[in-house]
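# Structure at a glance
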Amino acid sequence: MLKINNLHKSYAIGDSSLHVLKGINLDIEDGEMVAIMGSSGSGKSTLLNIIGMLDEADSGDYILDGLPIKNLTEKKAAVYRNKFLGFIFQSFNLINYKNALENVALPLYYQGFKRKERQEKAMFYLEKVGLTDWAHHLPKELSGGQNQRVAIARALAANPKLLLADEPTGALDTTISYEIMEFLQQLNDEGKTLLIVTHEEDIANMCKRIVRLRDGVIMEDTFV
Ligand code: ADP
Ligand code: MG
């Protein structure tokens, strides 16, 4: 699925620079469910954003699904992002004036699906996350767990090869967090490849493999 070799990333801060990723090597196969674990500031989101083609490394190689990700134009990057990747965020990132169905349907619009097909697919994925009855409700009318389900349905709608989640349970209480993780496990059982950033040990333990990051270096990479 993806191969990362000796990846480095620094951020410029005024005149100095902050070296955040210091030579990351990571191979992820199809069908894996991997946690990227580490304390705040260890570089987890930076790594996930590079994997998600939302940001670029300074040096090193990143190959996604056989494709070297380097010096892509923003347009090309957007095409690959839409085709390969689904994103889930801690804060759901739903559009607050659109209902659940419209939120899930939106990425399908960018993929060029016609209206009827968008509606059908969006409804299919809402049903998959158990929210058929909530399709016409706005995010503010849903609970945190329900909103994260909408966000998962949206991430799934384009049928991505790889799902990337940055602290997907960070804004949810423990019971709901486990429900969301069980749902992600179910998706993995169905064959989806998942990469989940978390700083919580119990969440990481619900994945099949844990990659531990500290100060921009992988300290440990173990199968659960
Ligand atoms: P994590 O997700 O593990 O908490 P991040 O990858 O978000 O860590 O951040 C790693 C380090 O890089 C932190 O010290 C953070 O402050 C810094 N950082 C993150 N993004 C930027 C940015 N856009 N500009 C400058 N520094 C950043
Ligand atoms: Mg982060």
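As a reminder, the structure under discussion sits directly above these lines.
This text gives an overview of the structure that appears in the document. In this text the structure is predicted, and so the values were computed from the model without any measurement.

What counts as what
Residues numbered from 1 in each chain as written. Chains lettered and ligands numbered in written order. Predicted model: local features only at pLDDT ≥ 70, side-chain atom pairs only at ≥ 80, totals over all residues. Heavy atoms only, no water. Pairing = 2+ DSSP bridges. Helix = DSSP H or I, 4+ residues; strand = E, 2+ residues; numbered from the N terminus. Contact = heavy atoms within 4.5 Å. Axes fitted to C-alpha atoms, helices over the stretch in contact; angles between N-to-C directions. Core = buried A, V, L, I, M, F, W, Y, C linked by side-chain atoms within 4.5 Å. Buried < 20%, exposed > 50% of the residue type's maximum accessible area, 1.4 Å probe, protein only. Near = heavy atom within 4 Å. Polar contact = N/O pair within 3.5 Å; in protein donor to acceptor, adjacent residues only side chain to side chain. Areas by Shrake-Rupley, 256 points an atom, 1.4 Å probe, with all protein chains shown as cover.

## Observations concerning the sheet that holds strand E2 (residues 16-28)
Pairing is antiparallel in the open sheet, where four strands are placed in the order E2-E1-E4-E5. Where the open sheet ends on each side, the last strands, each with one partner, are E2 and strand E5 (67-68). Summarising the sheet, strand E4 (residues 59-64) and E5 pair through two bridges and their orientation is antiparallel. Bridge assignment links Ile63 to a residue of E5, and that residue is Pro68. Sheet contacts for helix H1 (residues 44-51): strand E1 (2-13), E2 and E4; angle to E1, the most-contacted strand, approximately 120°.

## Points about the nonpolar core
In this structure, Val104, Leu126, Val150, Ile152, Met181, Leu184 and Ile196 are the most contacted members of the largest nonpolar core, which totals 40 residues. Put simply, the parts of the chain that give this core at least two residues each are strand E3 (33-37), helix H3 (100-110), helix H4 (115-128), helix H5 (144-157), strand E7 (162-166), helix H6 (174-189), strand E8 (193-198) and helix H7 (201-204). Top contributing element to this core by residue count: H5, with seven residues. Apart from residues no more than four positions distant in its own chain, Val104 is found in contact with Ala122, Tyr125, Leu126, Val150, Ala153, Arg154 and Ala157. One finds Leu21, Leu47, Ile51 and Leu85 within the second-largest nonpolar core, a separate group that totals 29 residues.

## Here we look at the sheet that holds strand E9 (residues 209-214)
Strand order in the open sheet formed by six strands is E6-E7-E8-E3-E9-E10, with mixed pairing between adjacent strands. Of all strands in the sheet, those with a lone pairing partner are strand E6 (85-89) and strand E10 (217-223), marking the two edges. Across the sheet, the mean angle separating the axes of adjacent strands is 15° when strand polarity is ignored. Across five bridges, the pairing between E6 and E7 is parallel. Of the residues in E7, the one forming a bridge with Phe89 is Asp166. Set on the sheet, helix H2 (residues 74-84) makes contact with E6 and E7; between it and E6 the angle comes to about 80°. Against the sheet, H5 contacts E6 and E7, and its axis sits at roughly 170° relative to E6.

## Side note on the side chain of Asn103
As for its position among the elements, Asn103 is in helix H3. Excluding its chain neighbours within four sequence positions, the residues that come into contact with Asn103 are Leu94, Ile95, Lys98, Pro139, Val150 and Arg154.

## With respect to the site of ligand 1
Around ligand 1, the structure places Tyr11, Leu18, Val20, Ser39, Ser40, Gly41, Ser42, Gly43, Lys44, Ser45 and Thr46. One nitrogen or oxygen atom from the side chain of Tyr11 is found 3.5 Å from a nitrogen atom belonging to ligand 1. In this structure, Ser42 approaches ligand 1 through a main-chain N or O atom, which is 3.2 Å from an oxygen atom. Within the complex, 60% of the 560 Å² of free accessible area of ligand 1 lies under protein. Mapped by element, the contributors of at least two residues to the shell around ligand 1 are E2 and H1. For the shell around ligand 1, the element with the most residues is H1, which contributes three residues.

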